[in-house]
Amino acid sequence: MTDTDTPEVAPLTARIPSDISRPDRVLGPFTARQAGVLAATALALYGGYWATRSLMPPIAYVVAVLPVAGAVAAVLLSSRDGIGLDRFLLAALSHARHPKRRVHAPAGVPPLPAAVPRRWARAAGRAPAAMRMPYQGLTPAGVVDLGRDGEAAVAACSTVNFDLRSAAEQQAATASFARWLNSLTGPAQVVVRCHRIDLAPLAEALQLGAPALPHPALEQAARAHGDFLAELASSETLLGREVLLVAREPDTGRPVSRAAAGGRVVQRLEEAARALGPAEITVTPLDAPHTAEVLRTACNPDTTAPTTGWEGDPA
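Everything numeric here is computed off the predicted structure, so don't read it as measured data.

Caption draft 1: Spatial organisation of empty space enclosed by the protein. This model, assessed by the stated rule, comprises 2 cavities of 30 Å³ or more. As for the largest cavity, its lining consists of W180, S183, L184, T185, A188, L245, A247, R268, L269, E271 and A272. Of all the elements in the fold, those that place two or more residues in the lining of the largest cavity are α5 (167-183), β11 (239-249) and α8 (255-276). Here the lining of the largest cavity gets 4 residues from one element, more than from any other, and that element is α8. Broken down by class, the residue content of the lining of the largest cavity amounts to 7 nonpolar, 2 polar and 2 charged.

Caption draft 2: Highlighting the pairing of strand β9 (residues 151-157). With respect to burial, β9 is a largely interior element, 7 of its 7 residues being buried. Direction of pairing for strand β8 (residues 144-145) relative to β9: antiparallel, over a ladder of 2 bridges. From the neighbouring strand, D145 faces β9, where its bridge partner is E151. Turn length for the β8-β9 hairpin, with the two strands adjacent in sequence and antiparallel, is 5 residues, and the turn residue G147 shows positive phi of about 70°. Sheet analysis places β9 next to β11, joined by 7 bridges and oriented antiparallel. Bridge pairing links V154 to V246 in β11.

Caption draft 3: Expanded view of unusual backbone geometry. Phi is positive for E280, which is not a glycine, with a value near 60°. The exposure class of E280 is partly exposed, given its relative accessible area of 49%.

Caption draft 4: Spatial organisation of the packing of helix α1 (residues 32-52) against helix α2 (residues 58-77). Between α1 and α2, the shortest axis-to-axis distance is 11 Å and the interhelical angle comes to 165°. Here α1 is positioned roughly antiparallel relative to α2, judged by the angle of their axes. When you trace α1 past α2, the crossing you get is right-handed. Of α2, the residues touching α1 (which contributes R33, Q34, V37, L38, T41, A44, L45, G48, Y49 and T52) are P58, Y61, V65, A69, V72 and L76.

The rules we used
- Residues numbered from 1 in each chain as written.
- Predicted model: local features only at pLDDT ≥ 70, side-chain atom pairs only at ≥ 80, totals over all residues.
- Heavy atoms only, no water.
- 1 Å grid on protein atoms, 1.4 Å probe; cavity = no way out; pocket = protein on both sides within 12 Å on 5 of 7 lines; lining within 4 Å.
- Points joined across faces, edges and corners; volume = space filled by probe spheres on them.
- Helix = DSSP H or I, 4+ residues; strand = E, 2+ residues; numbered from the N terminus.
- Nonpolar A, V, L, I, M, F, W, Y, C, P; charged D, E, K, R; others polar.
- Buried < 20%, exposed > 50% of the residue type's maximum accessible area, 1.4 Å probe, protein only.
- Pairing = 2+ DSSP bridges.
- Axes fitted to C-alpha atoms, helices over the stretch in contact; angles between N-to-C directions.
- Parallel < 35°, antiparallel > 145°, perpendicular 65-115°, else oblique.
- Left-handed = near helix turned anticlockwise from the far one by under 90°.
- Contact = heavy atoms within 4.5 Å.

Next up, the structure:
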């Protein structure tokens, strides 16, 4: 078969649902919030013109308020990652006002003893604040109670080397992922995070288990591999990558609906496992201990993770 006889490969196409969380446009490209802010700004500027029309000519007033109008329009119309710039500015202001150090103190952070010199207290900086976690507990099934935000469940996902697949396999994987997106009935989030890997437990386990191997050559190979892992851990900073799938069920405010929300998020993870199976992506819902470990490492990103269990692929 010559190159001219090679059939053309169909492009990778899949129907992806639109962003159902995007606010509706009520006035041209503006949402209701944007239209309201623009209208209020226009009224304020128009009122300022009537208040100052006897003090300055119209052209001078336009030149004076043009930067203000431009700044308001830029903040309202600009966005990043689908979030408006005004919300980013509000989040930055909230971050600057809140303390950066938080500790687990349900009864509150006690003040420093009176015997501590004032210069030491000033050198220590601002006192830490009590941490208030956004969740209220975990169920045995691993469902996170988010209070007013509903229920959530976490699953660990395996990865697929997309570039090593043939065109037909890539098309099938893309179609499977698209079918899962189209089947979503509630909020879902895919989180990719990196963490440090501690190879010391694995190297120690190899050294301790080597004498029990049935052949001396296997024992020698296990010891050599344990030495290699120990040397690798001491010479390099190893990172692991994990992919987490979070399904959330919003709270409707009704007791019956809230009680069933935990079962629905677990069911949605099971549906994701079935939908992503043809793409060779393994979705493993996490139980309560593993979910608690995810939350703990999220609060302390510098924590090293073991090399066994549900953790993701090494980066």
